[in-house]
Amino acid sequence: MPRSSASTTDSAKSTGGGVQSLERAFDLLERMADAGGEVGLSELSAHSGLPLPTIHRLMRTLVSCGYVRQQPNRRYALGPRLIRLGESASRLLGTWARPYLARLVEVTGETANMALLDGDEIVYVAQVPSKHSMRMFTEVGRRVLPHSTGVGKALLAGLPDAEVRALLRRTGMPAATEKTLTTPEEFLAALAEVRRTGYAVDDNEQEIGVRCLAVPVPDSPTAAAVSISGPAGRVTEAATDKIVPVLKQVAAELSEALAGQNPS
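The structure presented is a predicted model; accordingly, all values stated were derived computationally and were not measured.

Colleague: Could you give an account of the overall build of the protein chain, with specific residues and numbers?
Modeller: For the protein chain, the count of helices and strands is 8 helices and 11 strands. Looking at the protein chain as a whole, 42% of its 264 residues qualify as buried. In the form shown here, the protein chain has an accessible surface area of approximately 13,800 Å², with 54% of it arising from carbon and sulfur atoms.

Colleague: Tell me what's going on with the sheet that holds strand E5 (residues 76-78), and back it up with residues and numbers.
Modeller: If you walk across this open sheet you meet the 3 strands as E3-E5-E4, and the pairing is antiparallel. Strands at the two margins of the open sheet, each flanked by one partner only, are strand E3 (38-39) and strand E4 (68-70). Two elements, E3 and E5, share 2 bridges in a ladder whose sense is antiparallel. Across the sheet, Glu38 pairs through a bridge with Ala77, a residue of E5. The strands that helix H1 (residues 20-34) touches are E3, E4 and E5; relative to E5, the one it contacts most, it runs at about 90°. Packing of helix H3 (residues 52-65) onto the sheet brings it into contact with E4 and E5, and relative to E4 it is tilted by some 105°.

Colleague: Please set out the pattern of salt bridges residue by residue, giving values where relevant.
Modeller: Per the stated rule, a full pass over the model turns up 14 salt bridges. Linking Asp161 and Arg195 is a salt bridge whose minimum nitrogen-to-oxygen distance equals 3.2 Å. Separated by 34 residues along the polypeptide, Asp161 in helix H6 (residues 161-171) and Arg195 in helix H7 (residues 184-197) bring together distant segments of the chain. With a relative accessible area of 33%, Asp161 lands in the partly exposed category. On the basis of relative accessibility, which here comes to 39%, the residue Arg195 falls in the partly exposed class. Where Arg165 meets Glu185, a salt bridge forms, and the shortest distance between an N and an O atom there is 3.5 Å. Taken together, the positions of Arg165 in helix H6 and Glu185 in helix H7 put the pair 20 residues apart, joining distant regions of the chain.

Colleague: Break down a nonpolar patch on the surface for me, citing the residues and quoting the values.
Modeller: On the surface, a nonpolar cluster with roughly 280 Å² of combined accessible area is contributed by Val19, Leu22 and Phe26. Within the secondary structure, Val19 is located in strand E2 (residues 18-19).

Conventions we followed
Residues numbered from 1 in each chain as written. Predicted model: local features only at pLDDT ≥ 70, side-chain atom pairs only at ≥ 80, totals over all residues. Heavy atoms only, no water. Helix = DSSP H or I, 4+ residues; strand = E, 2+ residues; numbered from the N terminus. Buried < 20%, exposed > 50% of the residue type's maximum accessible area, 1.4 Å probe, protein only. Areas by Shrake-Rupley, 256 points an atom, 1.4 Å probe, with all protein chains shown as cover. Pairing = 2+ DSSP bridges. Contact = heavy atoms within 4.5 Å. Axes fitted to C-alpha atoms, helices over the stretch in contact; angles between N-to-C directions. Salt bridge = Lys/Arg side-chain N within 4 Å of Asp/Glu carboxyl O. Patch = residues over 30% accessible without salt bridge, like charges linked within 9 Å, V, L, I, M, F, W, Y side chains within 5 Å.

What follows is the structure in structure tokens.
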């Protein structure tokens, strides 16, 4: 039976040019992700400000589409269908980033990477290798713990210290080399320096003989960082002063491209 205009629900309403029910559904998905992937309806209601009947209706739709699943304990968890979307989006993100990484390689001569914070891990989603015979061996798709990497520091510097401590408790801080930071206090001090200078350094902490410089991509739709990696003999303190401004400029341009303001 056709609905009258008087009975139109929020699925046909719009706010700022968007469909309200879609905006609300995506907001709930993001809140679920922020909460670790599993929440109860009452938690969603408390944090979103939406009434329980509205949340229940939206969650029912998301469950039927496979984007959310209901657990035996009646709580809701992010569904497996989101994995395919995330993997496709990550591949596209890497494709969009490659021209910017290529410019980093051209200017610095070192391997350029883009990485995301995925849960408690760093995942590399794009890379353009250096033309030098000696280069960093990180590959696209590799996952590492954030405490031993420049991109990890660049990404975690944007989080409150309490959240960083909680992450470190979950992951532990195993030493990849003798230079790896292995205590929360050391790591938090390093993050304070990242916030002060705007860039992060991995000084032989992931791989002996390799230094990495990294900066976050500002206002990225998902937490992202770009970096260059190379032998410590080339990525020196003197080289750092020249490379960091280039990294920051490329990160800012990539941020504009991801926002659709400067497609490449």
